[in-house]
Amino acid sequence: MKLWSIVFFILPLLATGYVSWRVWHIMPWGSWVSGVAVALVWLGMFVMIGNFVIGLDRVPMTLAKVLYHFGTSWFIVMLYLVMIFLLLDIGRLCHVVPHSFVINSLTGTLSVCILMTAVFTYAYLHYKNKVRVEIELQSHKIKANEQDTKANEQEIKTIVMMSDLHLGYHNGRKELARWVDMINMENPDLILIAGDVIDISVRPLIEEDMAKELRRLKAPVYACLGNHEYYSGEPKAQQFFRDAGIHMLRDSVVNIANICVIGRDDRTNVHRQALGKIMKQVDRSRYTILLDHQPYNLEQAEKAGVDFQFSGHTHHGQVWPISWITERIYEDAFGPYQRGNTRYYVSSGIGIWGGKFRIGTQSEYVVAKLNTKR
């Protein structure tokens, strides 16, 4: 068994055991109430693991959505309960928190409940708020072809970029419709998606006919694959992209008016082409935009002479303090960045994996204004 698989099972077990122990001792209402609370803590862990190990595609849709929300939300709730109880225990050991506050305490129980309710109400509302990020891209390139005069009149000026939609059991068609309306209001000339359109299964996308919603987008849509397209089944993901009118770029290049868009296959595919090889197809007289889902090895784009790279994947950790971890893993975990003449933007994503909570991060889409100076 791989190390990450062991960690995936061991850490939730340790967290569940610790939280269960603290919940049992802090609640004052008798063993049966404490027992119900502890049972819910353990149920959340088993649901979360069951969602991954067994899957949800054979479960009735309504139940599948409930199980997904419950299991994935539990994961984040446990993280914050662990932090709160650790702080209380440290405070007790340092004689800052009285013993009576954490043992058979109505005051302690209500305090923890109120704090958790406030934090996660904020986290949900913060996730629902989609932040519009505007950036400016400068191009000094001129297309060297016979159609320059005509193409210049139709050149790409406004590009909406997004990543990590994670459409599925939690982000359904109603939510997607809201995003489509927001994007259409920008009147973009082009829409680019840096992977993870799909969450863990194509099933809810098909049953809710989300492809029809995506076809309402009023500009050409190009996307690269993300790791979740592989989790959901890459052939099914490709078919969904076709049904949705999304042009998938898989180690391939497309020229659109005054720009060249390069889409890399996700690094989940260990046989994907090297960027240097893909760049041999590129018309360097055009402004080049690279879509690469996972922002590893940023020096490759710089070396290849890419003008701008757009990535996602990190979610910026989704909730604090996981954001601190992503900032140590990636050279650029979130936001704008530059290496040499190559600019980058790593998006925290318009959607999210799992529970719909954002703490210390934001849900966003990027509006890029391409200015051509000759």
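For the structure given in this document, a descriptive report is provided here. Model, not experiment: these values are computed from the prediction.

**Here's the deal with the overall build of the chain**
Move 1: Summing up its helical and strand segments, the chain has 14 helices and 12 strands in all.
Move 2: Its C-alpha atoms give the chain a radius of gyration of 23 Å, near enough to 21 Å, the size a compact globule of 374 residues would have.
Move 3: For the chain, the C-alpha atoms occupy an extent of roughly 85 × 45 × 40 Å along the three principal directions.
Move 4: Buried positions account for 55% of the 374 residues belonging to the chain.
Move 5: Pairs at least 24 residues apart make up 77% of the contacts formed inside the chain by residues separated by at least 6 positions.
Move 6: Of the roughly 17,500 Å² that the chain leaves accessible, carbon and sulfur atoms contribute 62%.
Move 7: Averaging the positions of the 39 positive and the 34 negative side-chain charges in the chain gives two centres separated by 2 Å.

**Focus: helix 3 (residues 61-93)**
Move 1: The terminal C-alpha atoms of helix 3, which comprises 33 residues, lie 48 Å apart, in line with the 48 Å expected from a rise of 1.5 Å per residue.
Move 2: Maximal helix bending in helix 3 amounts to about 25 degrees, located at Trp74.

**Focus on the sheet that holds strand 1 (residues 130-139)**
Sheets are built from strands paired through backbone hydrogen bonds, the pairs being either parallel or antiparallel.
Move 1: Spatially, the 6 strands line up as an open sheet ordered 1-12-2-3-4-5, and their pairing is mixed. Sheet topology places strand 1 and strand 5 (246-248) at the edges, where each strand pairs with a single neighbour. Neighbouring strand axes in the sheet, compared pairwise and without regard to direction, differ in orientation by 25 degrees on average.
Move 2: The pairing of strand 2 (residues 158-162) with strand 12 (residues 363-372) spans 4 bridges and is classified as antiparallel. In the sheet register, Ile159 faces strand 12, and the bridge partner there is Ala368.
Move 3: In the packing of helix 11 (residues 234-244) onto the sheet, contacts are made with strand 4 (221-223) and strand 5, and the angle to strand 5 comes to roughly 140 degrees.

**Here's the deal with the environment of Ser105**
Move 1: By secondary structure assignment, the location of Ser105 is in the loop between helix 4 (99-102) and helix 5 (106-128).
Move 2: Through-space distance from the C-alpha of Ser105 to that of Trp29 is 9.0 Å; in sequence the pair is 76 residues apart.
Move 3: In this view, Ser105 contacts Ile26, Pro28 and Ser100; residues no more than four positions away in its chain are not counted.
Move 4: Within the structure, the side chain of Ser105 is placed 3.4 Å from the backbone nitrogen of Thr107, a separation counted as a polar contact.
Move 5: A distance of 2.7 Å separates a polar atom in the side chain of Ser105 from the backbone nitrogen of Gly108.

**A closer look at the packing of helix 3 against helix 5**
Move 1: Put simply, helix 3 and helix 5 touch, their axes get as near as 11 Å, and they point 135 degrees apart. By the angle between their directions, the pair helix 3 and helix 5 is classed as oblique. By crossing handedness, the relation of helix 3 to helix 5 is classed as right-handed. Where helix 3 approaches helix 5, its residues Ile76, Val77, Tyr80, Leu81, Ile84, Phe85 and Leu88 are matched on the opposing element by Val112, Leu115, Met116, Val119 and Phe120.
Move 2: Grouping the constituent residues of the contact of helix 3 with helix 5 by class yields 12 nonpolar, no polar and no charged.

Thresholds applied
Residues numbered from 1 in each chain as written. Predicted model: local features only at pLDDT ≥ 70, side-chain atom pairs only at ≥ 80, totals over all residues. Heavy atoms only, no water. Helix = DSSP H or I, 4+ residues; strand = E, 2+ residues; numbered from the N terminus. Rg over C-alpha atoms; globule rule 2.2 N^0.38 Å. Buried < 20%, exposed > 50% of the residue type's maximum accessible area, 1.4 Å probe, protein only. Contact = heavy atoms within 4.5 Å. Areas by Shrake-Rupley, 256 points an atom, 1.4 Å probe, with all protein chains shown as cover. Lys, Arg positive; Asp, Glu negative; His and termini not counted. Charge placed at Lys NZ, Arg CZ, Asp CG, Glu CD. Expected span 1.5 Å × (residues − 1). Bend = angle between axes of the 7 residues up to and from the residue. Pairing = 2+ DSSP bridges. Axes fitted to C-alpha atoms, helices over the stretch in contact; angles between N-to-C directions. Polar contact = N/O pair within 3.5 Å; in protein donor to acceptor, adjacent residues only side chain to side chain. Parallel < 35°, antiparallel > 145°, perpendicular 65-115°, else oblique. Left-handed = near helix turned anticlockwise from the far one by under 90°. Nonpolar A, V, L, I, M, F, W, Y, C, P; charged D, E, K, R; others polar.

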